[in-house]
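Fold and contact review
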Amino acid sequence: MNSEKNITVPESYRGREQAFVKHTLLKTYLERLFMIIGLFQSHIRYVDCFSGPWQEGSSDLRDTSISISLEIMRRCRRALLERGRKVSFHALYIEKDKHAHTKLQEYLGVVPGNEVVTKSLHGDFFELRQSVLDWCGSDDFTFFFIDPKGWKRVVEIPTLTPLLQRPNAEFLIWSSNSNYS
Ligand SMILES: C[S@@+](CC[C@H](N)C(=O)[O-])C[C@H]1O[C@@H](n2cnc3c(N)ncnc32)[C@H](O)[C@@H]1O
């Protein structure tokens, strides 16, 4: 039996098919992870260490990790509530580029904030590592999404060590050739 499925790349991802693969992986992984973690932990944190928006294909940012992660958190929160689990979701988005960070702030300013508590930080992830750890605290489960444009000082182990040492955390590190600089 041939189990291969034909997958149609949405129009907004044409020419950036790698982003489609990345976002499909992020969605699938996050949803399963949060539904499992939410069964036994009451607070879940999500950190997008290199959030963008970056090369977005639509003005409502629907094809960015920002919008996708928020949608998954909302969906998981509701599904967990239906199972009698009240879980609070907090999300932190970090972006170095000033223009992109302004767009990010504007977006977070208009999305409904009653289901996921959001915050953004403007600056270099490397410099902001301690602020990120402070925001996480020591107890809550935290998922780190690491999707840099380059890799030096970013996905090298010494750079990530302070985060990797944190207990109760999980990481998804995406590094595609087109992101290298
Ligand atoms: C590959 S893009 C992120 C794409 C986004 N995660 C998505 O999937 O929609 C990388 C982003 O990181 C930002 N960036 C680059 N260097 C950074 C740094 N040192 N600290 C924080 N952000 C940085 C870039 O401006 C860019 O918006």
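Throughout what follows, the structure given in this document is the object of discussion. (Residues numbered from 1 in each chain as written. Predicted model: local features only at pLDDT ≥ 70, side-chain atom pairs only at ≥ 80, totals over all residues.)

Once that is clear, we can look at the pairing of strand β3 (residues 116–122). Looking at chain direction, strand β2 (residues 88–95) and β3 are connected through 7 bridges and run parallel. Bridging across to β3, A91 finds its partner in T118. Handedness of the crossover is the feature at issue here: the chain leaves β2, passes through helix α3 (residues 98–110), returns alongside β3, and the resulting connection is right-handed. (Pairing = 2+ DSSP bridges. Helix = DSSP H or I, 4+ residues; strand = E, 2+ residues; numbered from the N terminus. Right-handed = clockwise from strand over helix to strand, strands pointing away.)

Bringing the site of the ligand into the picture now. By nearness alone, 19 residues border the ligand, and F50, W54, S65, K96 and F125 come closest of all. Mapped by element, the contributors of at least two residues to the shell around the ligand are β2 and α4 (125–136). Counted by class, the shell around the ligand contains 7 nonpolar, 5 polar and 7 charged residues. (Near = placed C-beta within 6 Å. Nonpolar A, V, L, I, M, F, W, Y, C, P; charged D, E, K, R; others polar.)

With that settled, the discussion passes to the sheet that holds β2. Judged by pairing direction, the sheet is parallel, and its 5 strands sit side by side in the order β3-β2-β1-β4-β5 without closing on themselves. Of all the strands in the sheet, the pair left with one neighbour each is β3 and β5 (169–173). On average, each strand axis in the sheet is tilted by 15° relative to the strand beside it, whichever way the strands run. (Axes fitted to C-alpha atoms, helices over the stretch in contact; angles between N-to-C directions.)

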